[in-house]
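Structural description and commentary
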Amino acid sequence: METKNILTADVLDILFDGRNKDYGAYDLRKTYNKRLTVSITVMLSVCLVSAGFAFGNKKEKAEDIYTTTDIQLAAVEPPAKPIEPPPPPAPKPPAPPEHIDIKTIKNVAYNIVRDDQVPENEKPPLVTDLDNAMISNITKAGADYDGTVIAPPGDPNGSTGVTNITRDAEETNDPLMKVEIESEYPGGVTAWQRFLNRNLHYPQEAVDNEIQGTVVVQFIVDKEGNVSDVEAVSGPPELKAEAVRVIRKSGKWTPAIQNGRKVKSYKKQPIGFRISAE
């Protein structure tokens with residue numbers, strides 16, 4: 001290509017100067033803009049036609065869908081309030097328990113003397129008699145005791161005479177002075193008498209001075225039956241030490257019962273000392 005034609009020549013003509021323009025690459029580049037314009041025009045035309053067709057079809061269907069008629073709603077009455085049944089009648093109070101006279105046996109103090117010196121009215125009861133009777137301060141005939149708690153007779157106003165006792169959430173650990181069932185030596189009165197016969201020793205000083213009498217020993221029996229705080233509260237001074245020693249040696253006792261539970265309580269146990277006549 002001549003120099004004077006370079007400024008006015010097309011870029012493709014400059015690139016393909018002296019080359020084979022019939023090969024195809026030159027023609028493709030030469031007609032590229034025309035082909036791009038035709039392609040974009042055809043594509044836009046197809047898109048516009050498709051959009052117009054879809055919009056028109058959608059409008060016709062929308063008109064069909066939203067064609068409605070008015071609906072009349074029927075009035076609904078509120079449900080009637082249910083009638084509540086009357087409350088059930090209050091339960092009748094239970095009838096007061098029937099009072100039954102129970103056979104009792106007098107609790108006597110035991111003194112260590114010879115058998116022929118024991119008065120008839122002070123002889124200890126037999127074990128078989130204690131099984132069917134309650135320990136009391138008098139001996140009385142009546143029905144056999146089966147171990148249950150006997151309720152007092154009711155009054156004319158319908159009260160059974162039984163007082164409900166409410167327990168605190170945390171029971172105190174202080175020993176009680178009065179309990180429903182006192183603590184006792186395991187095995188009962190007979191076992192306690194056998195223990196005294198084997199372990200009680202009459203002090204020689206008291207024998208020489210002919211001192212005799214009954215020593216009352218006070219002590220504490222805890223919930224496990226352990227004995228503590230043993231103290232002689234009355235009786236001849238010469239006999240107190242021996243009475244305290246015997247109580248401390250007695251081992252575990254059966255604890256007291258209050259409101260159906262084992263409790264810590266005070267216990268007073270009399271121990272008699274008698275010099276048998278020769």
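Look up: the structure comes first, before these words.
In this report, the structure presented in the accompanying data block is examined. (Residues numbered from 1 in each chain as written. Predicted model: local features only at pLDDT ≥ 70, side-chain atom pairs only at ≥ 80, totals over all residues. Heavy atoms only, no water.)

Looking at the overall build of the protein
Broken down by element type, the protein carries seven helices and eight strands. A burial count over the protein gives 20% of its 278 residues as buried. Considering only contacts within the protein whose residues lie at least 6 apart along the sequence, 73% involve residues at least 24 apart. Accessible surface, the protein as shown: approximately 21800 Å² in total, 55% of it carbon and sulfur. (Helix = DSSP H or I, 4+ residues; strand = E, 2+ residues; numbered from the N terminus. Buried < 20%, exposed > 50% of the residue type's maximum accessible area, 1.4 Å probe, protein only. Contact = heavy atoms within 4.5 Å. Areas by Shrake-Rupley, 256 points an atom, 1.4 Å probe, with all protein chains shown as cover.)

Brief notes about unusual backbone geometry
Positive phi values are uncommon outside glycine, yet Glu-210 reaches one of about 55 degrees. Among the structural elements, Glu-210 can be located in the loop between α6 (204–208) and β4 (213–221). Within the chain, Asp-229 stands out as a residue other than glycine whose phi angle is a positive 50 degrees.

Brief notes about the pairing of β4
Judged by how many residues are buried, β4 sits mostly within the fold: seven of nine residues are covered. Where β4 and strand β8 (residues 265–273) come together, nine bridges link them in antiparallel fashion. Looking across to β8, one finds that Ile-220 is bridged to Tyr-266. Note that β4 and strand β5 (residues 227–234) share five bridges and pair antiparallel. Across the sheet, Val-217 pairs through a bridge with Ala-232, a residue of β5. Joining the antiparallel neighbours β4 and β5 is a turn of five residues, in which Gly-225 adopts a positive phi near 90 degrees. (Pairing = 2+ DSSP bridges.)

Side note on helix α5 (residues 188–199)
End to end, α5 covers 17 Å across 12 residues, agreeing with the expected 16 Å (1.5 Å per residue, within 8%). Of all the residues in α5, the buried ones are Gly-188, Ala-191, Trp-192, Phe-195, Leu-196 and Asn-199. One side of α5 carries all its buried residues, which in axial view fall inside an arc of 140 degrees. (Expected span 1.5 Å × (residues − 1). Arc of directions from axis to C-beta.)

What about a nonpolar patch on the surface?
Residues Tyr-32, Leu-36, Ile-40, Met-43 and Leu-44 make up a contiguous nonpolar surface patch of about 470 Å² in total accessible area. Tracing the backbone through its elements, the reader meets Met-43 in helix α3 (residues 32–65). Accessibility expressed as a relative area gives 48% for Met-43, which makes it partly exposed. (Patch = residues over 30% accessible without salt bridge, like charges linked within 9 Å, V, L, I, M, F, W, Y side chains within 5 Å. Salt bridge = Lys/Arg side-chain N within 4 Å of Asp/Glu carboxyl O.)

Comments concerning the environment of His-201
Checked against the element boundaries, His-201 lands in the loop between α5 and α6. Judged by relative accessible area, His-201 falls into the partly exposed class, the value being 46%. Distance in space between the C-alpha atoms of His-201 and Val-246 is 8.8 Å, their sequence separation being 45 residues. For His-201, the residues in contact, after removing those within four places along its chain, are Glu-242, Arg-245 and Phe-273.

Thoughts on the side chain of Ser-265
If you trace the backbone, Ser-265 turns up in strand β8. Excluding residues within four positions of it along the chain, Ser-265 makes contact with Pro-175, Leu-176, Val-179, Ser-183, Phe-219, Ile-220, Val-221 and Ala-256.

Quick notes on the nonpolar core
Grouped together as the largest cluster of nonpolar side chains are 22 residues, with contacts concentrated most on Trp-192, Val-217, Ile-247 and Ile-271. Elements with a contribution of two residues or more to this core: α5, β4, β5, α7 (237–249) and β8. Counting residues per element, this core draws most heavily on α7, which supplies five residues. Excluding residues that lie within four positions of it along the chain, Ile-247 makes contacts with Trp-192, Val-217, Phe-219, Val-227, Val-230, Trp-253, Gln-269 and Ile-271. (Core = buried A, V, L, I, M, F, W, Y, C linked by side-chain atoms within 4.5 Å.)

So, the packing of aromatic side chains
On inspection of all chains with the given rule, the structure shows seven aromatic pairs. Seen in terms of ring centroids, Tyr-185 and Phe-195 are 5.4 Å apart; in terms of plane orientation they differ by 35 degrees. Their pairing is tilted. Pair noted here: Tyr-185 is in the loop between β3 (134–136) and α5 and Phe-195 is in helix α5, with a separation of 10 residues, a long-range link. Taken individually, Tyr-185 and Phe-195 each receive the classification buried, so the pair is uniform in this respect. Arranged with centres 5.2 Å apart and planes meeting at 55 degrees, the rings of Trp-192 and Trp-253 form a pair that is tilted. Of this pair, Trp-192 sits in helix α5 while Trp-253 sits in the loop between α7 and β6 (256–258), and the two are 61 residues apart along the sequence. Among the aromatic residues, ring-to-ring pairing joins Tyr-185, Trp-192, Phe-195, Phe-219 and Trp-253 into one connected group. (Phe/Tyr/Trp six-rings, centres within 6.5 Å; stacked < 30°, edge-to-face > 60°.)

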